[in-house]
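# Chains, contacts and geometry: an overview
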Amino acid sequence: MNLVKHIMSVVFFTLIAGAAYAADITVINQSSADSPAGVYAQAVRKSLGAGWYQSSDCEDAANKFESTQNAVMVYNSSVAFAAKNKKMENCQLDQIAKNNASVVLVSSSRMLICSKPGQTKSLLTDKVSLGMASMYAVKKHQAQWNANGGNVTLVPYSGSKTVLTALLAGDIEWGWMGESLALKQGDNLSCQYSTDPDSDKFLGNAVPSLTLADFAINVVVYTNSKDPMAIVNELKANSDFQNYLVNGKNTTTFAGPDVLPVDAYVTTMFNTWADPN
């Protein structure tokens, strides 16, 4: 009987310690809550049982990270691109070194370009509206679409969720959105193009000269926690988070992966799409 009590006591105090550890963590989302990266950040938060901070922009997120112990930043390459375009400070991956932070994981996901079933207007040749997150819906990007034979008007939205809402409402003919969100819609969408080069629907096959047809959203999770491996191990062991990665078709590397390719990708986005000021 005493052994049973001892085991129950150990389990109880382990749970209490775990809860305290989780409660002490704050996940900081630098992206729009409607974006795929915003959904990703919520998956991280739920898996860690952590607190939450929805930043107003990436500068606000950086300030929060610097002033918060046991903070976990969910960085988004698309937000970093937009920050470069707007000349915003402290929104790039050099913040990892500046804050002596540790990289928890790097994850990459693709986009699908979809219409409602029965859509008869071609994305490639007809006059159409294409909704996408506002950071991509820039004049330079639109010009590149139309230089390849299209007649596309890019319409800005806060993120994939609002693109989906507008598409289903008939406000736009086509929508550019996160793959995970699009796949959840089942037969309500017809997703004819993908930004994944390994897909038989790869956009680059239809428009070979379109710049960045192999577009990806790159998420970097980093932390100033004194025990970053505890966060890594929790995310790796959490079945809900692992299912989220699989269902969202996220390619993920844990525990200190190289972030230089992500940084280089942001530079490529900026050199390709940034509107001259």
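In what follows, the accompanying structure is described. Note that the structure is a prediction, hence the values are computed from the model and not measured.

Looking only at helices and strands, the protein chain has 12 helices and 11 strands in total. Across its three principal directions, the C-alpha atoms of the protein chain cover 75 × 40 × 30 Å. A burial count over the protein chain gives 49% of its 277 residues as buried. A sequence separation of at least 24 residues applies to 75% of the contacts in the protein chain between residues at least 6 apart. Accessible surface computed for the protein chain: about 13100 Å², of which carbon and sulfur atoms make up 53%. Mean positive and mean negative side-chain charge positions of the protein chain (20 and 23 charges, respectively) differ by 3 Å.

This part covers the sheet that holds strand β2 (residues 51-54). Pairing in this open sheet of 6 strands is mixed, and the strands run β2-β1-β3-β10-β4-β11 from one edge to the other. Each end of this open sheet is capped by a strand with a single partner; those strands are β2 and β11 (251-254). Across the sheet, the mean angle separating the axes of adjacent strands is 15° when strand polarity is ignored. For strand β4 (residues 102-109) and strand β10 (residues 217-223), the ladder comprises 7 bridges, and the chain directions are antiparallel. When the bridges of β10 are listed, valine 103 appears paired with tyrosine 222.

Phe241, Tyr244 and Leu245 are the residues of helix α11 (residues 239-247) that are buried. Projected down its long axis, α11 shows its buried positions confined to an angular sector of 95°, all on one face. α11 presents Asp240, Val246 and Asn247 as exposed residues on the side facing more than 90 degrees away from its buried surface. Those residues of α11 that are buried are in contact with α2 (36-48), β4, α10 (228-237) and β11. With a side-chain oxygen positioned 3.1 Å from the backbone nitrogen of aspartate 240, the residue opening α11 is asparagine 238.

One pass over the structure, following the stated rule, counts 1 cavity of 30 Å³ or more. Estimates place the volume of the largest cavity at around 50 Å³. Considering the residues around the largest cavity, the lining is formed by Gln30, Cys58, Ala62, Met73, Tyr75, Asn90, Cys91, Gln92, Gln95 and Tyr222. Class assignment of the residues belonging to the lining of the largest cavity gives a composition of 6 nonpolar, 4 polar and no charged.

Thresholds, definitions, all that
Residues numbered from 1 in each chain as written. Predicted model: local features only at pLDDT ≥ 70, side-chain atom pairs only at ≥ 80, totals over all residues. Heavy atoms only, no water. Helix = DSSP H or I, 4+ residues; strand = E, 2+ residues; numbered from the N terminus. Buried < 20%, exposed > 50% of the residue type's maximum accessible area, 1.4 Å probe, protein only. Contact = heavy atoms within 4.5 Å. Areas by Shrake-Rupley, 256 points an atom, 1.4 Å probe, with all protein chains shown as cover. Lys, Arg positive; Asp, Glu negative; His and termini not counted. Charge placed at Lys NZ, Arg CZ, Asp CG, Glu CD. Pairing = 2+ DSSP bridges. Axes fitted to C-alpha atoms, helices over the stretch in contact; angles between N-to-C directions. Arc of directions from axis to C-beta. Polar contact = N/O pair within 3.5 Å; in protein donor to acceptor, adjacent residues only side chain to side chain. 1 Å grid on protein atoms, 1.4 Å probe; cavity = no way out; pocket = protein on both sides within 12 Å on 5 of 7 lines; lining within 4 Å. Points joined across faces, edges and corners; volume = space filled by probe spheres on them. Nonpolar A, V, L, I, M, F, W, Y, C, P; charged D, E, K, R; others polar.

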